[in-house]
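An overview of the molecular structure
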Amino acid sequence: MGFDRLTGQDLIKSRLKEITANAAATSLLYTGPEGIGKHLFAKETAKAILCMDKKADGACDKCASCKYIEAGTHPDLIEVEPTEGRKNIRIADLRDIIRDAEVKPQLSSRKVLIINADKASSECQNLMLKSLEEPSEHLIYILLCSDTSRLLQTILSRVTEMPFHEYTDEQMKTILRANSDETLSDEKLEFLSSFSSSIPGKALSLMNDADFMEERDHIFELIMNMPRLKYTDILYDEFQYFDKNRDKMDELLLLMIWTLGDVASAIAVPDPSGIKNSDKRREILDFVSRNSAVTLINVSEAQRAVTDFIDASRVNVSFEVNCCNMLIRIHKELHYEKNR
Ligand SMILES: [Zn+2]
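Worth saying up front: this structure is predicted, and the values here are computed from it rather than measured.

1. Here's the deal with the overall build of the protein chain
Helix and strand content of the protein chain: 16 helices and five strands. Relative to the compact-globule value of 20 Å for 340 residues, the protein chain shows a C-alpha radius of gyration of 25 Å, a clear excess of over 25%. Across its three principal axes, the protein chain shows a C-alpha extent of roughly 80 × 40 × 30 Å. When burial is assessed residue by residue, the protein chain has 48% of its 340 residues classed as buried.

In structure tokens, the structure reads:
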């Protein structure tokens, strides 16, 4: 157990095992995109630091300290996020938290402060800096940050940075499987992993989002059926679908670009391994053999219709005009009669 319960980030795990086994306090900075696992690792690190019966690979998972951390009630672990309704951490709140944290620990020999540094203004950072420059013997900071260019140089020089790396496909599958109630096919897991750029937090939220899975199927079917659709289907039903889901437009457009990209790969190579909708490979290959008149140029023009939609939505073009125009252009490129 301990750090080995966590999947991936082997380099970070081995460094953390050394650091947490060491008696000296080191403040840490976990960096990487949102959803990569910084918080999960920070919690496991705090557990190992505060554990009363530390093992070679981290926390024992049995002592009172470990139990309190699991329950979220450890008095010596403080997590700092903006209070509800606020974008950033309030400086007055942080001042109180740091003052309390400097008082000696109640249960363990140390205290750990996990701070979402993405939400720390430069005033908050200056406050942290004062505390980092003259650290209380027992206090350890773990800062979580997705953009280190926002952090004061002086903070960076006071902490040990742990940069998080990308997960392999196998690690992504392990993480997704461990968090899913149903058995998902390898291909579906591969799709989720690549659609989320191998960021576990993102892949997990997509996996558990029934709406996303529906949207994905809808867009996929839309492209697959495009050659058979009539103008009225597009201008009425399909426009309505997009209109209803305006708040998810970014996701829908990305799904369209992906599906069109898969069609292009299937035209270019007879049996491509690069198809990103890996669970729908058969359907894409069927589409290409059924619509042999559709060329790579048609598909790239269809993709251009999507990127033109994005450009036009930045200027003042009505959503309806822009969206219908995009759909008609894609239809024109994929419509078999036109290409025959
Ligand atoms: Zn323990």
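2. As for the pairing of strand β4 (residues 139–145)
Among the seven residues of β4, seven are classified as buried, and the element is accordingly described as predominantly covered. With burial as the criterion, each face of β4 is covered, one bearing L139, Y141, L143 and C145 and the other bearing I140, I142 and L144. In terms of strand pairing, strand β1 (residues 28–31) meets β4 through four bridges, oriented parallel. Bridge assignment links L29 to a residue of β4, and that residue is L143. Pairing of strand β3 (residues 111–116) with β4, which is carried by six bridges, proceeds in the parallel orientation. Residue pairing in the sheet places K111 in a bridge with L139 of β4. Taking the sense of rotation as the criterion, the β-α-β connection linking β3, helix α5 (residues 122–133) and β4 turns out right-handed.

3. Side note on a nonpolar patch on the surface
The grouping of V315, V317 and V321 at the surface amounts to a nonpolar patch, some 250 Å² of accessible area in total. Inspection of the secondary structure assignment puts V317 in the loop between α14 (296–314) and α15 (319–334).

4. A few points about the sheet that holds β4
Within a sheet, neighbouring strands are paired by backbone hydrogen bonds and run either parallel or antiparallel to one another. Reading across the sheet, the five strands line up as β2-β3-β4-β1-β5 and stay open at both edges, with parallel pairing between neighbours. The open sheet has two free edges, formed respectively by β2 (77–80) and β5 (160–163), since each of these has just one partner strand. Here the average twist between neighbouring strands, direction ignored, is 15 degrees. Inspection of the sheet shows β2 paired to β3 by four bridges, in the parallel sense. The residue bridging E79 from the neighbouring strand is I114, located in β3.

5. Description of the confidence of the model for the protein chain
On average, the protein chain scores 93 in pLDDT, and the residues at 70 or more come to 99%. Looking over the protein chain, one finds the lowest element-wise mean pLDDT in helix α16 (residues 336–339), namely 54, and the highest in β1, namely 97.

6. Details of the packing of helix α10 (residues 210–225) against helix α12 (residues 249–268)
As a packed pair, α10 and α12 sit with axes 9 Å apart at the nearest point and diverge in direction by 45 degrees. With respect to α12, the axis of α10 lies oblique. Both α10 and α12 take part in a crossing whose hand is right-handed. Contacts from F212, E215, R216, I219, F220, I223 and M224 in α10 reach E251, L252, L255, M256, T259, L260 and V263 in α12. Looking at the contact of α10 with α12, its residues break down into ten nonpolar, one polar and three charged.

7. Some words on the side chain of K47
Relative to the assigned elements, K47 resides in helix α2 (residues 38–50). Exposure remark for K47: the relative accessible area of 1% places this residue in the buried category. Excluding residues within four positions of it along the chain, K47 makes contact with R5, A59, D61, C66, I69 and E70.

Cut-offs applied
- Residues numbered from 1 in each chain as written.
- Predicted model: local features only at pLDDT ≥ 70, side-chain atom pairs only at ≥ 80, totals over all residues.
- Heavy atoms only, no water.
- Helix = DSSP H or I, 4+ residues; strand = E, 2+ residues; numbered from the N terminus.
- Rg over C-alpha atoms; globule rule 2.2 N^0.38 Å.
- Buried < 20%, exposed > 50% of the residue type's maximum accessible area, 1.4 Å probe, protein only.
- Pairing = 2+ DSSP bridges.
- Right-handed = clockwise from strand over helix to strand, strands pointing away.
- Patch = residues over 30% accessible without salt bridge, like charges linked within 9 Å, V, L, I, M, F, W, Y side chains within 5 Å.
- Areas by Shrake-Rupley, 256 points an atom, 1.4 Å probe, with all protein chains shown as cover.
- Salt bridge = Lys/Arg side-chain N within 4 Å of Asp/Glu carboxyl O.
- Axes fitted to C-alpha atoms, helices over the stretch in contact; angles between N-to-C directions.
- pLDDT = per-residue confidence, 0-100.
- Parallel < 35°, antiparallel > 145°, perpendicular 65-115°, else oblique.
- Left-handed = near helix turned anticlockwise from the far one by under 90°.
- Contact = heavy atoms within 4.5 Å.
- Nonpolar A, V, L, I, M, F, W, Y, C, P; charged D, E, K, R; others polar.

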